Amino acid sequence: MTNVLVIGAGPAGLAAARSALLQGASVTILDSSDEIGGQYWRHLPPSRPAERESLLHHGWARFVQLRAELEGDGGCRVLTNAQVWAIETADGTPGIVHVAVGEPDGVDREQLELRPDGIVLATGAYDRTLPFPGWDLPGVFTAGAAQALAKGERMSIGQRVVVAGAGPFLLPVAASLAQTGSTVLGVFEASTPARLAAGWLPKPWELVRAAKKGGELAGYISNHVRNRIPYHIGKAVIRANGNDRVESVVIASVDAHWAPIAGTEKTVEVDAVCVGHGFTPRLELAIAAGCELDANKFVLVDESQLTTVLGAYAAGEVTGIGGVDLALAEGEIAGHCAAGGSVSDPALRSAVRRRTTYRSFAARIESAHAVRTGWPSWLTDETVICRCEEVTYGELCSTAEATDNSGLRSLKLSTRVGLGICQARVCGRTAEELIARLAPPERPQDPFTTGRRPIASPMRLSELATLASTSTSAAAAGAAAAGAAPAAGADFRHHSN
Ligand SMILES: Cc1cc2nc3c(=O)[nH]c(=O)nc-3n(C[C@H](O)[C@H](O)[C@H](O)COP(=O)(O)OP(=O)(O)OC[C@H]3O[C@@H](n4cnc5c(N)ncnc54)[C@H](O)[C@@H]3O)c2cc1C
């Protein structure tokens, strides 16, 4: 029997696990969170269970059905609080997957070494917020964090809130804020009317196939009307002011490249602001497994969702930002193919059709709302770019100049940008873009990315020491380094600290 390991239990991973089971595989699905559902389907803490779990969610019934099917299937093992911290490759295939199971900062996590026949990488994305002066003040939230607090804690980030950035995600965030008690003073979308029209208006008949999205949009519009939330286009938050926390934000009109237009600034008093400019894929495991990335730094996959590494499939936001429906369709295809099926099997017809529909929807989002090149003009030399290591924009620019703009790796080592506790999850893509802009145009694209990490998540030294002193682990690592083929079937080794 084929053993499939699904990493990530968000919509893509859940769909992949179900599909692999239907294809006859034995499946392990794991997630570092304490519950399955990913960023989309969230849960209140067990000490405060929700009366209506589905509140603030879409497609909750689909989640409940997926969870019941996986948990009720003897061929499926569901692991939560399970952090994949490394993938070793052997002979160009993912060989050993290292997992720590237990409380994230616990001292006695169980260590597993998994050797599956097939892997589905469904690790999702981080939310992205472009820096601006004052964005490190308390009271400034990313859009994803505001949404996570609303869905997972039923908490609102403040009383008088501004929502800003770019993309359709701002709409559910504003809706959740209003439903959890905030007064949303406005949603400010940076893309200009011409940009939005270029993304959304062509080939309107294609949108009919994604009619479900139209229904969701209608819900958000009625929420805006009911809560009197104004929606502004071509405007951005370019500064947050305050002493100990945010007290006001400056909002300006921006041009088609998102450069602020002088003289249009307006100050709005707030006690919280939430800003989101889309998402960036969580690439560290895909890079560790040896998967190639495409030009936009997403995991490159073929029609079967197979990456460039034999036996490693990828699905969901890690292959491109397209929302929950695309993640579900890609997951279904990836799980089926990882379990030995073919993308041309009749069982996948609907999933392949849905993938086409929602990929074209994703392309519209990218065309209408993608980050433009003019935003750095709202930065000042004092604006913090890397919050963990407190690296400012001025420091990045002067170091780049002093080191002949020698690239990301050199700037990381000389300024420590992206090397702090969050390991570049917040500033990585921004740092990469700013450094690329500082390099002379004739220089080839920097091959380094901030997602390259041999250890994907924080580990205690004692955990690594225990592994190093365990002979089976050392032998396994040695075999992998020597290019030994991965053992067939699931081979689970356990180490307890
Ligand atoms: C903070 C945040 C909030 C969001 N909220 C919404 C929303 O309300 N509505 C909406 O339409 N879209 C939302 N999105 C976008 C959303 O991510 C997608 O539309 C959808 O959830 C994508 O599904 P996915 O399965 O690809 O990824 P995800 O749902 O992100 O699932 C990926 C899973 O992989 C797990 N994982 C990652 N790395 C590891 C590892 N090394 N070891 C173990 N597990 C790992 C993560 O814990 C996560 O549960 C949000 C995104 C973010 C970042």
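Residues numbered from 1 in each chain as written. Predicted model: local features only at pLDDT ≥ 70, side-chain atom pairs only at ≥ 80, totals over all residues. Heavy atoms only, no water.

### Focus on the nonpolar core
Side chains of nonpolar character tend, in soluble globular proteins, to be buried together.
Point 1. In terms of nonpolar packing, the biggest core is built from 42 residues, with Val162 and Val249 touching the most fellow members.
Point 2. Put simply, the parts of the chain that give this core at least two residues each are strand 10 (160-165), strand 13 (235-241), strand 14 (248-253), strand 16 (272-276), strand 19 (384-386), helix 11 (393-402), helix 12 (408-415) and helix 13 (428-438).
Point 3. Of the domains in this structure, domain 2 (129-277) and domain 3 (379-438) are the two that each give at least three residues to this core.
Point 4. Here valine 249 is in contact with Val162, Val237, Arg239, Ala240, Lys266, Thr267, Val268, Val270 and Val273, once residues within four sequence places are set aside.
Point 5. Judged by nonpolar contacts, the second largest core, of 36 residues, contains Ala9, Ala20, Leu306 and Ala339. (Core = buried A, V, L, I, M, F, W, Y, C linked by side-chain atoms within 4.5 Å. Buried < 20%, exposed > 50% of the residue type's maximum accessible area, 1.4 Å probe, protein only. Helix = DSSP H or I, 4+ residues; strand = E, 2+ residues; numbered from the N terminus. Domains from an automatic or database assignment. Contact = heavy atoms within 4.5 Å.)

### Observations concerning the domain arrangement of the protein
Point 1. Examined at the domain level, the protein breaks down into domain 1 (3-126 + 280-343), domain 2 (129-277) and domain 3 (379-438).
Point 2. A C-alpha centroid distance of 26 Å is found between domain 2 and domain 3.
Point 3. Carbon and sulfur atoms make up 64% of the surface buried where domain 2 meets domain 3, a total of about 680 Å² over both sides.
Point 4. At the junction of domain 2 with domain 3, the criterion picks out zero salt bridges.
Point 5. Taken together, domain 2 and domain 3 are joined by two residue pairs in polar contact (both at pLDDT 80 or more).
Point 6. A class-by-class count of the residues in the side of domain 2 that touches domain 3 yields five nonpolar, one polar and two charged. (Buried area = accessible area lost by both parts, 1.4 Å probe. Salt bridge = Lys/Arg side-chain N within 4 Å of Asp/Glu carboxyl O. Polar contact = N/O pair within 3.5 Å; in protein donor to acceptor, adjacent residues only side chain to side chain. Nonpolar A, V, L, I, M, F, W, Y, C, P; charged D, E, K, R; others polar.)

### A word on the packing of aromatic side chains
Point 1. Across all of its chains, the model carries six aromatic pairs by this definition.
Point 2. The interplanar angle of 65° and the centroid separation of 5.3 Å between the aromatic rings of tryptophan 200 and phenylalanine 361 together place this pair among those described as edge-to-face. Placement of the pair is tryptophan 200 in helix 5 (residues 193-200) and phenylalanine 361 in helix 10 (residues 349-369), with a sequence separation of 161 residues.
Point 3. Using a relative accessible area of 22% as the deciding quantity, one classes tryptophan 200 as partly exposed.
Point 4. Owing to a relative accessible area of 12%, phenylalanine 361 belongs among the buried residues under this scheme.
Point 5. In textbook terms, an aromatic cluster arises when at least three aromatic residues are bridged by ring pairs, as seen for Tyr40, Trp41, Trp60 and Phe63. (Phe/Tyr/Trp six-rings, centres within 6.5 Å; stacked < 30°, edge-to-face > 60°.)

### So, helix 4 (residues 170-179)
Point 1. Counting buried positions over the ten residues of helix 4 gives nine, a clear majority of the element.
Point 2. Taken together, the buried positions of helix 4 are Leu170, Leu171, Pro172, Val173, Ala174, Ala175, Ser176, Leu177 and Ala178.
Point 3. If you follow the buried residues of helix 4, they end up packed against helix 3 (143-153), strand 10, strand 11 (183-189), helix 7 (211-226), strand 12 (231-233) and strand 16.
Point 4. Looking one or two residues beyond helix 4, the residue adopting positive phi is glycine 181, at roughly 110°.

### Quick look at a nonpolar patch on the surface
Point 1. A surface patch of nonpolar side chains, amounting to about 280 Å² of accessible area, comprises Leu217, Ile221 and Val225.
Point 2. For leucine 217, the location among the structural elements is in helix 7.
Point 3. For leucine 217, a relative accessible area of 40% gives the class partly exposed. (Patch = residues over 30% accessible without salt bridge, like charges linked within 9 Å, V, L, I, M, F, W, Y side chains within 5 Å. Areas by Shrake-Rupley, 256 points an atom, 1.4 Å probe, with all protein chains shown as cover.)

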